[in-house]
Amino acid sequence: MQTTPAGTPVIDPALRRKAVIGSTLGNAFEWFDFTVYGLFAVVIAKLFFPADNDTTSLLASVASLGVAFFFRPIGGLAFGLYADRAGRKSALSVMVLLMALGTGLIGIAPTYATIGFAAPLLILLARVIQGFSAGGEFGGSTAMLIEFSPPNLRGFYGSFQMCSQALAVALAGLCAYVLTTGLSKEALESWGWRLPFLFGILIGPVGFYIRRRMTESPEFLAYAAAREPTRRTPLADVFSKHYRALIAGFGLTVAATTSFYVTLIYTPIYAVKQLGLTQGSASLSTFIAAMLIAALCPLTGWISDRVGRKPLILLFVLLYGLTSFWMFTRLHGSPSMGNLLLAQILPAVCMGFVWGAFPTAVTEVFPVGVRSTGVSILYNVSVMLFGGLAPFWITYLIKVTQNPLAPAYYILMTVAISLVTYGLLGREGRNVQASAQHA
């Protein structure tokens, strides 16, 4: 393997492009599915979780959205360890097939009216499969992106992780908008809502083909060649040597994941169920906000390579909290399409600055030998507790407290957690050459 005078591997640009495409494709697939499920939560609740009242039915539906997140840490740990032992390429190839299986199962599942209690069980099984497979996706694919990037452009390359998420959300929002405005209510509930999930079945084989043709990360290959056969497992090293990075990364992920699930997933549900806006309006607003984030992420990732990640992230996490609280209160006081757009677009600008730097910030501080494991643990535990269950907790809080502003207070709480933990413990790692640091 050729290296520069500084010891950095020389990577063929064509191999780098393959790594970027292969890494981001599965990640985009994952978030397309999760967003579509959230956007059609009201329809899925009616078809698979019938109950005495709409709120209880919706609670059951968003709980099925959240159940996948109980299995994400398990999948994250399993695939993280596998990626740090066998390589990024092998782990990513398996994950994309499992994602397609779970998504396809939702697309073909018979409804409650057809098979009774077995229908919600099938949905829960699909969510479990998706949660397990998605658990390792962020850690493995972000590690691949960082390890293929030039040392001075890690923020830029890492930003494609979140850019792919935002584009997937935008595509999901566009699909939901076209289906809800182009089909009758009867057609939408009969077969229209299934189309995005059936589309996911096709992505699995394509994603597997692309990922199998990727080249293994040069940093991982160099690490594997020098690794001692009798060394401890990555899991033991993560908790004994890198607990500070775990805590800081966990705290930062709290704000990053809450912003996604509250602003892009829950806000459309809130607008339809609590404020009476149309499903089409909510889907269109989500599409616009997600496209804005996707456009900003590469730029803000590049900026973080110049000014550092920590100051940029802390500033815009704070601005996200303040902007979201203000816009939620405004939307509640005066429900309209215009205010819904503002409630998603203004926080989305702040999210673009946080998201662009976030993947690299939580990844590059771990050395290559424990990178996938460490990131998978902190990311999935945080997502499970504060992101995936956010729609359920907020719906429940609104029901119990009768306070429709519960989403705004939930955002402020998670922003405070991130500011304290990442502000005190987070390290600026943009100059870290983690390939030279073997756990």
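Above this text you will find the structure in question.
Since we're looking at a predicted model, the values are computed, not measured.

Visitor: Would you mind going over the overall build of the protein in detail, with residue names and values included?
Guide: Helices and strands together make up the secondary structure of the protein, namely 19 helices and zero strands. Here the C-alpha radius of gyration of the protein, 21 Å, is about what a compact globule of 439 residues would show, namely 22 Å. By its C-alpha atoms, the protein is 65 × 45 × 35 Å across when sized along the principal axes. Expressed as a percentage of its 439 residues, the buried residues of the protein come to 59%. Once local pairs closer than 6 in sequence are excluded, the contacts in the protein between residues at least 24 apart make up 85%. Surface exposure of the protein reaches about 15,800 Å², of which carbon and sulfur atoms provide 70%. Within the protein, the 17 negative side-chain charges are centred at a point lying 3 Å from the centre of the 29 positive side-chain charges.

Visitor: Hey, could you go over the pattern of salt bridges for me, with residue numbers and the actual values?
Guide: Going through the model one piece at a time under the given rule, you end up with nine salt bridges. For the salt bridge of Asp 305 with Arg 309, the shortest nitrogen-to-oxygen distance reads 3.1 Å. Of the two residues, Asp 305 and Arg 309, neither departs from the other in class, the shared state being buried. When salt bridges with common partners are traced through the structure, they connect Asp 84, Arg 88, Glu 147, Arg 154, Glu 219 and Arg 371 into a single cluster.

Visitor: Describe in detail the packing of helix α13 (residues 243–273) against helix α16 (residues 337–363), supporting the description with residues and values.
Guide: The contact between α13 and α16 brings their axes to 10 Å, and the two run at 150°. Classified by the angle their axes make, α13 and α16 are roughly antiparallel. In the packing of α13 onto α16, the handedness of the crossing is left-handed. Here α13 contributes Gly 249, Leu 252, Thr 253, Ala 256, Ser 259, Phe 260, Thr 263, Leu 264, Thr 267, Pro 268 and Ala 271 to the contact with α16, which in turn contributes Leu 340, Ala 343, Gln 344, Pro 347, Met 351, Trp 355, Phe 358, Ala 361 and Val 362. Residues of the contact of α13 with α16, tallied by class, amount to 14 nonpolar, six polar and no charged.

Visitor: Got a sec to walk through unusual backbone geometry? Specific residues and values, please.
Guide: Even without glycine at this site, Gln 402 takes up a positive phi of about 60°. Tracing the chain through its elements places Gln 402 in the loop between α18 (390–401) and α19 (406–425). Classification of Gln 402 as exposed rests on a relative accessible area of 63%.

Visitor: Describe the packing of α13 against helix α17 (residues 371–388), naming the residues involved and giving the relevant values.
Guide: The contact between α13 and α17 brings their axes to 8 Å, and the two run at 40°. Here α13 lies oblique to α17, going by the angle between them. Both α13 and α17 take part in a crossing whose hand is right-handed. Where α13 abuts α17, its residues Ala 245, Leu 246, Gly 249, Phe 250, Thr 253, Val 254, Thr 257, Thr 258 and Tyr 261 lie against Gly 374, Ile 377, Leu 378, Tyr 379, Val 381, Ser 382, Val 383, Leu 385, Phe 386, Gly 387 and Gly 388. Across the contact of α13 with α17, the residue classes tally to 12 nonpolar, eight polar and no charged.

Visitor: Break down the packing of aromatic side chains for me, with residues and values.
Guide: Within the structure shown, the criterion is met by 14 aromatic pairs. Chaining the aromatic ring pairs together yields one cluster made of Phe 48, Trp 193 and Phe 197.

Visitor: Outline the environment of Arg 212, supporting the account with residue identities and numerical values.
Guide: Among the secondary structure elements, Arg 212 is positioned in helix α10 (residues 195–212). For Arg 212, a relative accessible area of 40% corresponds to the partly exposed category. For Arg 212 and Ala 290, which are 78 residues apart along the polypeptide, the C-alpha to C-alpha distance reads 29 Å. Those residues within four positions of Arg 212 in sequence are excluded, and the remaining contacts are Lys 89, Ser 90 and Ser 93.

Visitor: Describe the nonpolar core, with residues and values.
Guide: Core analysis: the largest hydrophobic core is formed by 101 residues, its most contacted members being Phe 40, Phe 48, Trp 193, Tyr 261 and Trp 355. The element contributing the most residues to this core is α13, with 17 residues. Every residue in contact with Phe 40, bar those within four places of it in the chain, is listed here: Ala 176, Leu 179, Thr 180, Leu 188, Trp 193 and Pro 196. Counting residues in each nonpolar core, the second largest holds 15 residues, with Ala 19, Leu 92, Val 96 and Phe 148 among its members.

Visitor: Residue-level account of the side chain of Ser 133, with values.
Guide: As for its position among the elements, Ser 133 is in helix α6 (residues 118–135). Among residues more than four places away in sequence, those in contact with Ser 133 are Phe 79, Met 95, Leu 98 and Met 99.

Visitor: Kindly report on the state of the cysteines, identifying the contributing residues and their values.
Guide: The bond known as a disulfide is covalent and runs between the sulfur atoms of two cysteines. One pass over the full model with this rule turns up zero disulfides. Looking at Cys 175, it has no disulfide partner, and the nearest cysteine sulfur is the one in Cys 163, 17 Å off.

Visitor: Can you tell me about a nonpolar patch on the surface, naming the residues and giving the values?
Guide: Taken together, Ile 108, Trp 191, Leu 195, Leu 198 and Ile 201 make up a surface patch of nonpolar side chains, about 450 Å² in accessible area. Among the elements that take part in the nonpolar patch, α10 stands out by supplying three residues, more than any other.

So, how was this worked out
- Residues numbered from 1 in each chain as written.
- Predicted model: local features only at pLDDT ≥ 70, side-chain atom pairs only at ≥ 80, totals over all residues.
- Heavy atoms only, no water.
- Helix = DSSP H or I, 4+ residues; strand = E, 2+ residues; numbered from the N terminus.
- Rg over C-alpha atoms; globule rule 2.2 N^0.38 Å.
- Buried < 20%, exposed > 50% of the residue type's maximum accessible area, 1.4 Å probe, protein only.
- Contact = heavy atoms within 4.5 Å.
- Areas by Shrake-Rupley, 256 points an atom, 1.4 Å probe, with all protein chains shown as cover.
- Lys, Arg positive; Asp, Glu negative; His and termini not counted.
- Charge placed at Lys NZ, Arg CZ, Asp CG, Glu CD.
- Salt bridge = Lys/Arg side-chain N within 4 Å of Asp/Glu carboxyl O.
- Axes fitted to C-alpha atoms, helices over the stretch in contact; angles between N-to-C directions.
- Parallel < 35°, antiparallel > 145°, perpendicular 65-115°, else oblique.
- Left-handed = near helix turned anticlockwise from the far one by under 90°.
- Nonpolar A, V, L, I, M, F, W, Y, C, P; charged D, E, K, R; others polar.
- Phe/Tyr/Trp six-rings, centres within 6.5 Å; stacked < 30°, edge-to-face > 60°.
- Core = buried A, V, L, I, M, F, W, Y, C linked by side-chain atoms within 4.5 Å.
- Disulfide = S-S within 2.5 Å.
- Patch = residues over 30% accessible without salt bridge, like charges linked within 9 Å, V, L, I, M, F, W, Y side chains within 5 Å.

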